[in-house]
Amino acid sequence: MQEENQDDFKRELGLFDGTMLVVGSMIGSGIFIVSSDMLRQVGSAGWLIAMWVLTGVITVIAAVSYGELSSMFPKAGGQYVYIKEAYGKLIGFLYGWSFFAVIQTGTIAAVGVAFAKFTAYLFPVVSDKNMLYELGDFNLNAAQLVSIFTIILLSYVNSRGVKNSKTLQTILTIIKILSLAGLIVFGFMSAKVEVWDANWVDAWGSKSLDVATGNWVPIGGTVLISAISAALVGSIFSSVAWEGVTFIAGEIKNPKRNVGLSLFLGTMIVCCIYVLANLMYLAVVPLQEIATAPSDRVGVVASQYIFGSIGTVIIAVMIMISTFACNNGLIMAGARVYYTMAKDGVFFKKAAVLNKASVPSWALWAQCFWASALCLTGKYGDLLDFVVIIVLIFYILTILGIFILRRKMPDVERPYKAFGYPFLPGLYIVVASAICIALFVTKTSTSGWGVLIMLLGVPVYYLTRKKE
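Quick notes on the rules
Residues numbered from 1 in each chain as written. Predicted model: local features only at pLDDT ≥ 70, side-chain atom pairs only at ≥ 80, totals over all residues. Heavy atoms only, no water. Helix = DSSP H or I, 4+ residues; strand = E, 2+ residues; numbered from the N terminus. Rg over C-alpha atoms; globule rule 2.2 N^0.38 Å. Buried < 20%, exposed > 50% of the residue type's maximum accessible area, 1.4 Å probe, protein only. Axes fitted to C-alpha atoms, helices over the stretch in contact; angles between N-to-C directions. Parallel < 35°, antiparallel > 145°, perpendicular 65-115°, else oblique. Left-handed = near helix turned anticlockwise from the far one by under 90°. Contact = heavy atoms within 4.5 Å. Nonpolar A, V, L, I, M, F, W, Y, C, P; charged D, E, K, R; others polar. Polar contact = N/O pair within 3.5 Å; in protein donor to acceptor, adjacent residues only side chain to side chain. Salt bridge = Lys/Arg side-chain N within 4 Å of Asp/Glu carboxyl O. Core = buried A, V, L, I, M, F, W, Y, C linked by side-chain atoms within 4.5 Å. Phe/Tyr/Trp six-rings, centres within 6.5 Å; stacked < 30°, edge-to-face > 60°. Lys NZ or Arg CZ within 6 Å of the ring centre and 35° of its normal. pLDDT = per-residue confidence, 0-100. Disulfide = S-S within 2.5 Å. Expected span 1.5 Å × (residues − 1).

S.K.: Sorry, what's going on with the overall build of the protein here?
M.R.: A count of helical and extended segments in the protein gives 18 helices and 4 strands. For 468 residues, the compact-globule estimate of 2.2 N^0.38 gives 23 Å, and the protein sits close to it at 21 Å. If you line up the protein on its principal axes, its C-alpha atoms span 65 × 50 × 45 Å. Counting every position in the protein, which comprises 468 residues, the buried fraction comes to 61%.

Set out below in structure tokens:
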């Protein structure tokens, strides 16, 4: 495609579009899967709901805190811009480097893998069991090809202009919200008192499931802390990507108002849906079956209880729509970060070029290539651990940046100020830091690789600056 330089994005997205992007990017496959592993870690209904409520609270706190930053810097690049302004180009580069290498592309890959896994319910030929090529430790299966195909397709749609991707995002997100709401409503209508009562008998008993024996083992002390941190990986991963709307601030109408409001409305809607969905699981499915759902697909088990045998098909279609919309939002938002980095001279120059449709198409295809490569790992759980710790580190740094920028830029206009400052932003920093430390200690093998890749950005930054 012939490309030309353009100075500005087109402001074609309103408050509703921004909110739909937040909701669509957040809700992927996690809400249908991760509760199973979470319950195995913490062992009771009370702890499960507490984890989702805690995740919801810190997510909304973070989102409303970002509102101050988005009103100060209402342009493309979002979180990258906030970090660069607070800490300088090196830390800004580390975020962009991590965003490209781990955060955004890893999330796109994980969601793509989840899409393929549920597609296999309807079309078994594309299952990950269908091996197409093997060479040593490398295996290529049909599910990986499906996930890569969807990433390529959505990258193409986004390269044709923001209107196309906006329309697709809005339609799919509305379908997704209505479908989830329907599942929750029908779930509560199908609820059985005896199941609900049994699930809440020992509401706060902390125990972990020994998968080999099927027995529950009581836990406490440091083991309980480790279990809580492991459980939070799932709920936090299911609640990330809300900041994507800040990346496309250059295309939002009245960004000083609408970006922050989109963040608040979108995260609040999603977090309420997540808590209600888990309460519905507990009203329909016995605790043991939630913890032992085949391949952790608790959404499928719940749907079978609600709708019978057709439930498997219903939930598979729901998750396919959900993950497709999620990846569309992620792909749309991610390319804008690389565009802004390239404008600052810390990413490939071609990423700063907009095509005739006023979108950074080269950046879209670079993101597509690396996310597709990550799909070849095919391991959803490892991708979660890999991504979550880095996401949290930069959430912490960004919110800490509010404190720094209030001292550094006291006279800059702030049409919106962080709600509950300094208490709520400070609370988020403390809670998220504790989760990060626990993750690094308990899941070093996967979280450690994410941190290592982030730190590799330091020599890369200085080598590229020296070359310049």
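Once the structure has been displayed, the description carries forward.
S.K.: How should I be thinking about the packing of helix H1 (residues 15-26) against helix H7 (residues 162-189) in this particular structure?
M.R.: Remark: H1 packs on H7, axes separated minimally by 9 Å, with the N-to-C direction vectors making an angle of 60°. The pairing of H1 with H7 is recorded here as oblique in orientation. For the pair H1 and H7, the sense of crossing is left-handed. Here Phe 16, Asp 17, Met 20, Leu 21, Val 23, Gly 24 and Ser 25 of H1 lie close against H7, whose contacting residues are Lys 166, Gln 169, Thr 170, Thr 173, Ile 174, Lys 176 and Ile 177. Along the lines of polarity and charge, the residues of the contact of H1 with H7 split into 6 nonpolar, 5 polar and 3 charged.

S.K.: Quick question: what am I supposed to make of the packing of helix H3 (residues 45-72) against helix H11 (residues 255-284) here?
M.R.: Working note: a packed helix pair is described by the angle between its axes plus the distance between those axes. Direction vectors running N to C along H3 and H11 enclose 175°, while the axes themselves pass 8 Å from each other. As judged from the angle between their axes, H3 and H11 are roughly antiparallel. Of the residues that constitute the contact of H3 with H11, the class distribution is 18 nonpolar, 8 polar and 1 charged.

S.K.: Help me understand the side chain of Ser 155, please; the structure alone is not making it clear to me.
M.R.: Turning to its location among the elements, Ser 155 is positioned in helix H6 (residues 142-159). With relative accessibility at 0%, the residue Ser 155 sits in the buried group. From its side chain, Ser 155 meets the backbone oxygen of Ile 151 in a polar contact 2.8 Å long. Those residues in contact with Ser 155, other than ones at most four positions away along the chain, are Ile 331, Leu 364, Trp 365 and Cys 368.

S.K.: Even after reading the chapter, I still don't get the pattern of salt bridges, so can you show me in this structure?
M.R.: It is possible for side chains of opposite charge to pair when their charged atoms get near one another. Within this structure, the stated rule accounts for 8 salt bridges. Residue Lys 207 pairs with Asp 202 through a salt bridge whose shortest N-O separation is 3.7 Å. Exposure remark for Asp 202: the relative accessible area of 42% places this residue in the partly exposed category. For the salt bridge of Glu 413 with Lys 256, the shortest nitrogen-to-oxygen distance reads 3.3 Å. Of this pair, Glu 413 sits in the loop between helix H16 (380-408) and helix H17 (423-442) while Lys 256 sits in helix H11, placing them 157 residues apart in sequence. With relative accessibility at 52%, the residue Glu 413 sits in the exposed group.

S.K.: Even after reading the chapter, I still don't get the nonpolar core, so can you show me in this structure?
M.R.: The biggest cluster of nonpolar side chains holds 154 residues, and the ones touching the most others in it are Phe 32, Tyr 95, Trp 242, Leu 392 and Tyr 428. Not counting residues up to four positions away in its chain, the partners in contact with Tyr 428 are Ile 58, Ile 61, Ala 62, Leu 392, Tyr 395, Ile 396 and Ile 399.

S.K.: Help me understand the environment of Ser 295 in this model?
M.R.: For Ser 295, the location among the structural elements is in the loop between helix H12 (287-291) and helix H13 (298-307). Classification of Ser 295 as exposed rests on a relative accessible area of 54%.

S.K.: Is there a simple way to think about unusual backbone geometry in this case?
M.R.: Most peptide bonds take the trans form, and the phi angle of most residues other than glycine is negative. In this structure, Pro 422 follows Tyr 421 across a cis peptide bond, with omega equal to 0°. Residue Ala 241 is not a glycine yet carries a positive backbone phi of 80°. In this structure Ala 241 comes out as buried when scored by relative accessible area, which is 7%. The phi angle at Asn 254 is positive, at roughly 45°, despite the residue not being glycine. With respect to the helices and strands, Asn 254 occurs in the loop between helix H10 (244-247) and H11.

S.K.: I'm lost on the packing of aromatic side chains in this one. Help?
M.R.: One pair of aromatic rings is described through two measures. These are the centre distance and the angle between the planes. Throughout the structure, instances matching the rule amount to 24 aromatic pairs. Ring centres 5.3 Å apart and planes at 70° place the aromatic pair Trp 52 and Tyr 274 in the edge-to-face group. Remark: Tyr 274 occurs in helix H11 and Trp 52 occurs in helix H3; sequence separation between them is 222 residues. The buried category is assigned to Tyr 274, whose relative accessible area is 1%. Between Phe 115 and Phe 324, the aromatic rings sit 5.9 Å apart at their centres with planes inclined by 40°, giving tilted as the arrangement. Of this pair, Phe 115 sits in helix H5 (residues 89-122) while Phe 324 sits in helix H14 (residues 311-343), and the two are 209 residues apart along the sequence. The burial state of Phe 115 is the same as that of Phe 324; both residues are buried. One aromatic cluster is present, formed by Tyr 95, Phe 99, Phe 100, Phe 247, Tyr 338, Phe 347, Phe 348, Trp 362 and Phe 394 through successive ring pairs. The ring of Trp 216 carries the charged tip of Lys 207 above its face, separated from the ring centre by 5.7 Å. The ring of Phe 118 carries Arg 297 above its face, with NZ or CZ at 5.3 Å from the centroid.

S.K.: Sorry, what's going on with the confidence of the model for the protein here?
M.R.: In low-pLDDT segments, the atomic positions of the prediction should not be examined closely. Confidence in the prediction for the protein averages 87 pLDDT; 96% of positions are at 70 or higher. No element of the protein has a lower mean pLDDT than strand S2 (residues 138-141), which averages 77, and none a higher one than helix H8 (residues 193-199), which averages 95. Scored below 50 in pLDDT, residues 1-7 makes 20 contacts in the model with residues more than four places away or belonging to other chains.

S.K.: Got a minute to help me understand the state of the cysteines in this structure?
M.R.: Each disulfide is one covalent bond, formed between the sulfur atoms of two cysteines. Inspection of every chain in the model, using the stated rule, returns 0 disulfides. Of all cysteine sulfurs, the one in Cys 368 lies closest to Cys 375, which takes part in no disulfide; the gap is 9.2 Å. Judged by its relative accessible area of 0%, Cys 375 falls in the buried class.

S.K.: How do you make sense of H14 when you look at a structure like this?
M.R.: In an α-helix, one turn spans 3.6 residues; hence positions three or four apart end up facing the same way. Between the first and last C-alpha of H14 there are 49 Å, a value that for 33 residues agrees with the 48 Å anticipated at 1.5 Å per step. Of the residues trailing H14, Gly 345 is marked for its positive phi of about 80°.

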